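# A look at the structure
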Amino acid sequence: MHNLSVNVHHVTRVEGHGNIVVDVKGGTLKDVRLDIVESPRFFEAMLRGRNYLEAPHITCRICGICSVGHTCSSLKAAEAAGGVPVSRQTVALRKIILDAEILQSHVLHVYLLAAPDFLGAGSVFDLVPDHKEVVLRAMRLKGFANDLCAVVGGRHIHPLSMCVGGFTKIPEAAELEHMAEHAVELWPDVEATVELFGTLKVPAYEREMEFVSLKDPEEYAFYGGDLFSSVGGPMPVDDYRRRVNEYVVPHSTAKHTRSESGNPYMVGALARVNNNFDQLVPEAKEAAAAMGLAVPCHNPYMNNIAQVVEIVHILKRLPERIEGLLREGLREEVPDQRPRRAGRGVGATEVPRGVLFHEYEIEKSGRIKAANCIIPTGQNLANIEADMRAFVPRMLGEHDQDEITLLLEMLVRAYDPCISCSTHLLEVEFV
Amino acid sequence: MRVKILGVGNVLLGDEGVGPRVAALLAERGLPPWAEAVDCGVGGWALLDVMRGAQAVYLVDAADFGGRPGEVRRFEPSDAVSRKTLANLSLHEGDLLAILRVGREVGVAPKVVVYAVQVGRVAPGVGLTAPVERGAQEAARCIEEELRGLAASSVPSPPGV
């Protein structure tokens, strides 16, 4: 094909869009872009001058899907800045609610966003008539995860009880016990998920790339650990600015990032599975094999499969996590929220789409002087464009324009970029 | 709990936060024991989990229907069509009416009434503009009135159930 023009155009009135633009003239790739207006980073300015105790409650409103993740990164940054210690119980509860959020997001992503492509449906709305049982399974898994968020965080959306220094309210042991039992009951749904995604034919496009994620010697990392790169190795999270180098590109209001190697890099489920495969539970490793994922895997379309691997890992490990906490006995704890010092703190957490950084500088009073927040989508943008630059010339010889358009949409969907999640306006006409 | 009032929207973006404001107003003023107001923030698909178990749901959201700022419209999902055009590239794009439709098809099917409040200023910042604050007060009063009507018609179970 000599000429190709792909323009997947998306417009919302308020802000934020994701346009895929590919232009091939005379067999030469002229232009490849993913235009995304990142949610303006107004919340950084919004945090300045406020007390650091408010930061998690403000930043959790940035995103309805990664609300717990923003809360965790915010709490860790605030606590690191002010030198506030937290208990083992607090960390254990945060790990459980973070597991729940990642589980919820992955289920929504693989079933509602990715699966329709593979099952020949335009979207989840077209999936219901012919694949209702698939949608119902997704709803069961998602419902469990969201209920667990409510049990630990006190609310389904935007956790209420997570605060600097701990929790304002400790969940009921009986409710946690019930959730642990429910997790076990859902195992057939997990197996059915692996079976379904094992049958889907994932586009086979590979490009050698760098993977960045947290890495924890104790466990498969979501909540903590060092900042690890498959190229550059480990680095303390405090030094993240050496690895996460932001730069401005003309076509995007969102900054792109490159690592200290000078290359774009991928964050998210596939990066985590590649970097931390050995720490997955055996069932998750078996699921990876059953779905054709062997590490190192450099096919970004396999991010969907990596998410299913993490669904298996999380649901297998959750009952044990909860039982372990209950065995130690839940204690009422009063969070000690006094900042001990003025300082700077970095909080990094693995959220569904990759590593999320919050960094705060606070005064001794707890007043925030400066804030920085780098979301996974910002880190993945350069990598998605590098994928498109590498894959489009190959696709040209193998597919027609419609197929290439779909393949590029599927690529972007595999990363599930955060597009304009900060607004929620109903735009309606009355009939 | 049989009736839920879901306040939806982003409180960091001015008038976008009118839904959570209405939920807060209702909770402050007190609701019958069979009703609950929930601040749902920027929730999308998770709204279906909040709705589970409710017989009736009042969904309060910021909206642009071409009205004057603060204007309140009550409608049922079947009375409106979404003007949103989604590229379907991300879970982060939400279309509430579409989510409700899937919910109905998979059995999360309470009776839903939407209270839409026309926004004025949607821009970074916490707090509503004066007309939209008046709209929030009006929406809260209307919902309280509806709850009194529900209690009188004994559709929900009596208090305590």
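What comes next concerns the included structure. Small disclaimer: the values here were computed from a predicted structure and weren't measured. (Residues numbered from 1 in each chain as written. Chains lettered and ligands numbered in written order. Predicted model: local features only at pLDDT ≥ 70, side-chain atom pairs only at ≥ 80, totals over all residues. Heavy atoms only, no water.)

### Re the packing of helix α4 (residues 88-118) of chain A against helix α6 (residues 132-153) of chain A
Residues and elements named next belong to chain A.
- The geometry of α4 relative to α6 is characterised by a closest axis approach of 9 Å and an angle of 160 degrees between their N-to-C directions. Our classification of the angle between α4 and α6 gives roughly antiparallel. The crossing of α4 and α6 is left-handed. Packed against α4, whose contacting residues are Leu93, Ile96, Ile97, Ala100, Glu101, Leu103, Gln104, Val107, Leu108 and Tyr111, the element α6 presents Val134, Arg137, Ala138, Leu141, Lys142, Phe144, Ala145, Asn146, Leu148, Cys149, Val152 and Gly153 at the interface. (Axes fitted to C-alpha atoms, helices over the stretch in contact; angles between N-to-C directions. Helix = DSSP H or I, 4+ residues; strand = E, 2+ residues; numbered from the N terminus. Parallel < 35°, antiparallel > 145°, perpendicular 65-115°, else oblique. Left-handed = near helix turned anticlockwise from the far one by under 90°. Contact = heavy atoms within 4.5 Å.)

### Some points on the sheet that holds strand β8 (residues 233-235) of chain A
All names here are of chain A.
- The sheet built from four strands is open, its strands ordered β8-β7-β6-β11 with mixed pairing. Sheet topology places β8 and β11 (265-266) at the edges, where each strand pairs with a single neighbour.
- Strand direction decides the pairing type here: strand β6 (residues 210-215) and strand β7 (residues 226-229), joined by four bridges, are antiparallel. When the bridges of β7 are listed, lysine 215 appears paired with aspartate 226.
- Packed on one face of the sheet, helix α10 (residues 269-276) meets β6, β7 and β11 and runs near 75 degrees to β6. (Pairing = 2+ DSSP bridges.)

### Examining the sheet that holds strand β14 (residues 368-374) of chain A
All names here are of chain A.
- On the basis of which strands lie adjacent, the open sheet formed by three strands has the order β12-β13-β14 and antiparallel pairing. In the strand order of this sheet, the two ends are held by β12 (343-351) and β14, each with one partner. Here the strands of the sheet are splayed against their neighbours by 15 degrees on average, with no regard to which way each runs.
- Of the pairings in the sheet, the one linking strand β13 (residues 354-362) to β14 comprises six bridges and is antiparallel in character. Bridge assignment links isoleucine 362 to a residue of β14, and that residue is isoleucine 368.
- Its contacts with the sheet place helix α13 (residues 376-396) against β12, β13 and β14, and it is angled at close to 130 degrees to β13.

### As for the side chain of A:Lys76
Residues and elements named next belong to chain A.
- On the secondary structure map, lysine 76 appears in helix α3 (residues 67-82).
- Although lysine 76 is buried, it forms no salt bridge, and the closest oppositely charged side chain is aspartate 216 at an N-O distance of 8.3 Å.
- Setting aside residues up to four positions removed in sequence, lysine 76 forms contacts with Tyr223, Gly224, Val346, Gly347, Ala348 and Thr349. (Buried < 20%, exposed > 50% of the residue type's maximum accessible area, 1.4 Å probe, protein only. Lys, Arg positive; Asp, Glu negative; His and termini not counted. Salt bridge = Lys/Arg side-chain N within 4 Å of Asp/Glu carboxyl O.)

### Some words on unusual backbone geometry
All names here are of chain A.
- Following valine 295, the chain continues into proline 296 via a peptide bond in cis, with omega recorded as -5 degrees.
- By secondary structure assignment, the location of proline 296 is in the loop between α11 (282-290) and α12 (303-328).
- A positive phi angle is found at histidine 158, which is not glycine, with a value near 65 degrees.
- Its place among the elements puts histidine 158 in the loop between α6 and β4 (162-163).

### Observations regarding the environment of A:Leu119
Residues and elements named next belong to chain A.
- Checked against the element boundaries, leucine 119 lands in the loop between α4 and α5 (124-130).
- According to the relative accessible area criterion, leucine 119 is partly exposed, its value standing at 23%.
- Residues leucine 119 and leucine 200, spaced 81 residues apart in sequence, show a C-alpha to C-alpha distance of 8.1 Å.
- Not counting the four nearest positions on each side in its chain, leucine 119 is found in contact with Leu127, His131, Leu196 and Leu200.

### Quick look at the packing of aromatic side chains
Residues and elements named next belong to chain A.
- By the definition in use, this model includes six aromatic pairs over all chains.
- For the ring pair tyrosine 205 and tyrosine 301, a centre distance of 6.4 Å and an interplane angle of 45 degrees mean the geometry is tilted. Taken together, the residues span a long stretch of sequence, with tyrosine 205 in the loop between α8 (187-199) and β6 and tyrosine 301 in the loop between α11 and α12 at a distance of 96 residues.
- On the basis of relative accessible area, tyrosine 205 is assigned to the buried category, the value being 5%.
- What makes tyrosine 301 buried here is its relative accessible area of 1%.
- On the numbers, 5.3 Å between centres and 45 degrees between planes, the contact of tyrosine 205 with phenylalanine 391 is tilted. Of the two residues, tyrosine 205 is situated in the loop between α8 and β6 and phenylalanine 391 in helix α13; the sequence distance between them amounts to 186 residues.
- Classification of phenylalanine 391 by relative accessible area gives buried; the value is 0%.
- A connected cluster of aromatic rings, assembled from ring pairs, spans Tyr205, Tyr301 and Phe391.
- Seen from the ring of tyrosine 223, lysine 76 lies directly overhead, with NZ or CZ sitting 4.3 Å from the centre. (Phe/Tyr/Trp six-rings, centres within 6.5 Å; stacked < 30°, edge-to-face > 60°. Lys NZ or Arg CZ within 6 Å of the ring centre and 35° of its normal.)

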